[in-house]
Amino acid sequence: MAQNEEIFKKIISHAKEYGFVFPSSEIYDGLSAVYDYGQNGVELKNNIRQYWWKSMVQHHENIVGLDSAIFMHPTIWKASGHVDAFSDPLIDNRDSKKRYRADVLIEDQLAKWQDKIDKEVEKAAKRFGDTFDKDQFVATNARVLEYKEKIDTASRRFYGAMERNDLADVKKLIEELEIVCPVSGSRNWTDVRQFNLMFSTSMGSVSEDANVIYLRPETAQGIFVNYLNVQKTGRMKIPFGIAQTGKAFRNEIVARQFIFRMREFEQMEMQFFVRPGTELEWFEKWKETRLNWHLSLGIPASKYRFHKHEKLAHYANAAADIEFEFPIGFKELEGIHSRTDFDLKAHQEYSGKKIQYFDPELNENYVPYVIETSIGLDRTFLAMLSFAYTEEKLEDGSERVVLRLPAVLAPFKCAILPLVAKDGLPEKAREIMDVLKYDFMCQYEEKDSIGKRYRRHDAIGTPYCITVDHQTLEDNTVTIRDRDTMKQDRIPIEKIAELVRIKVKGN
Ligand code: GAP
């Protein structure tokens, strides 16, 4: 098993063992790609949401919040393009009865050729040593050129077929590339067909022909359809933003990789309304602001990178992802899109209501342009767990697993631990807990040896352990143990709150 895959598995089992993430409906054998957050997970998730909300809404005078309903009028999804175009091309293997995304099958094949190129380069680099010129090798080596040609031809053909919605050609390409089902090993494929990713249900109170209701696949549309309400009641002046967090639902076909791709997940989105013509400037500003948000958590910059979209969605005139290096590789964590006036114009057209802004400086009405920042809460959770999970060998030869979570996000900020559960120490510890708990999420624990309790709190990422011992009863001091260094200092009780506050403040 590749080392990273092994680490990913360890993170998943750690998340379950320590009450962060459980498979949904586990006693009924689970529900595919749906997860529940346990007692520690819900704290971490709430903290991530709050850190985002504070930075986007509380710290920006021109951004306000919203909490729109999950159910919305079905025409919204027609106007947004989701009814007609929010779909994946699917293909089934008749022998294994397994269903695949046709684009994923083809992209996996392209990745195999790319791997072969990488291997040729690696071999040549070893053979030629310091004199190796990679660019020249890639431009001239016959085998590399052959694989590159295969990649270019197949991707041109695939993207062309998708643009023309020529699904028969996509199937033909899968056959010509001799792609086999990873389960049955056969090439016995069905036709390719489009599969809409929206979940639907029905609502009794709407008229017969419009009773299909969708579970929203993004929170963004709730913002667009409330643009006029918020702008008018909040007397908002452009540029301004509306932010919201909430559940979104997608019937993902390739839903693997733990909480990376789920069918029910949570998004944190912000739509920033700007004057037409200024959108690309704002796009660059938001790219920078959002990257800085990630870096403010103290995670090394090398863990993040931008991925610029070359092929833009029909509504966008610029788009980039912030990718994070998960154990499964660099993958999208957040999307930043310049969505032009596509959505507001579409809602204007479908609803028949004028959705415009009167710009007093220009003395002109216009439909605002929009920059969107959209980040997955669950993916950020996974990014934090992946970054934080650390296995350490200690000087005394023992081992520990520690979650080096940013302190501002940790489920508990400190643990209050009486050294022994007697001699008046629990009572003293409870006194401290009763003061601290109004400001910080703290946990009182007296069961097991102090060493075991330290390890348990290392494993859930608690930045500080406060130990109450016999000396505490004499001089009102405690020891405070730092999760990362394991160093212990003795401090007066009245200093604890200040130290914890500094540690968990965030940037
Ligand atoms: N409103 C724009 C939008 O929804 P998106 O790229 O489809 O854009 C934005 O989604 C973010 O939502 C992604 O960057 C990702 O973090 C998260 N996300 C999307 N689909 C997800 C899924 N199935 N499971 C978990 N997170 C998902």
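Scroll up for the structure.
Summarised in this report is the structure supplied together with it. In this text the structure is predicted, and so the values were computed from the model without any measurement.

About the thresholds
- Residues numbered from 1 in each chain as written.
- Predicted model: local features only at pLDDT ≥ 70, side-chain atom pairs only at ≥ 80, totals over all residues.
- Heavy atoms only, no water.
- Pairing = 2+ DSSP bridges.
- Helix = DSSP H or I, 4+ residues; strand = E, 2+ residues; numbered from the N terminus.
- Near = heavy atom within 4 Å.
- Areas by Shrake-Rupley, 256 points an atom, 1.4 Å probe, with all protein chains shown as cover.
- Nonpolar A, V, L, I, M, F, W, Y, C, P; charged D, E, K, R; others polar.
- Phe/Tyr/Trp six-rings, centres within 6.5 Å; stacked < 30°, edge-to-face > 60°.
- Buried < 20%, exposed > 50% of the residue type's maximum accessible area, 1.4 Å probe, protein only.
- Lys NZ or Arg CZ within 6 Å of the ring centre and 35° of its normal.

1. Side note on the pairing of strand 23 (residues 488–492)
The pairing of strand 22 (residues 477–482) with strand 23 spans five bridges and is antiparallel. Across the sheet, the residue bridging to Thr 479 is Arg 490, located in strand 23. Linking strand 22 to strand 23, which pair antiparallel, is a turn of five residues; within it Met 486 sits at a positive phi near 65°.

2. Concerning the site of the ligand
Taken together, 19 residues surround the ligand, and among them Glu 218, Arg 250, Met 262, Glu 269 and Glu 332 come closest. Within the complex, 91% of the 550 Å² of free accessible area of the ligand lies under protein. Of all the elements in the fold, those that place two or more residues in the shell around the ligand are strand 10 (264–274), strand 13 (329–340) and strand 16 (369–376). Partitioned by chemical class, the residues of the shell around the ligand number five nonpolar, four polar and ten charged.

3. As for the packing of aromatic side chains
Centre-to-centre distance and the angle between the planes together describe a pair of aromatic rings. Inspection of every chain in the model, using the stated rule, returns 19 aromatic pairs. Residues Tyr 100 and Trp 189 carry aromatic rings whose centres are separated by 5.8 Å and whose planes lie at 85° to one another, so their mutual orientation is edge-to-face. Placement of Tyr 100 in strand 5 (residues 99–101) and of Trp 189 in the loop between helix 8 (167–176) and strand 6 (193–196) is noted, with a sequence separation of 89 residues between them. In this pair, the class of Tyr 100 matches that of Trp 189, namely buried. By the ring-pair criterion, three or more aromatic residues cluster together here, those being Phe 224, Tyr 227, Phe 240 and Phe 273. For the cation-ring pair, Arg 379 lies above Phe 260, with the distance from its terminal atom to the ring centre recorded as 3.8 Å. Geometry around Tyr 454 places Arg 481 over its ring, the cationic atom sitting 4.5 Å from the centre.

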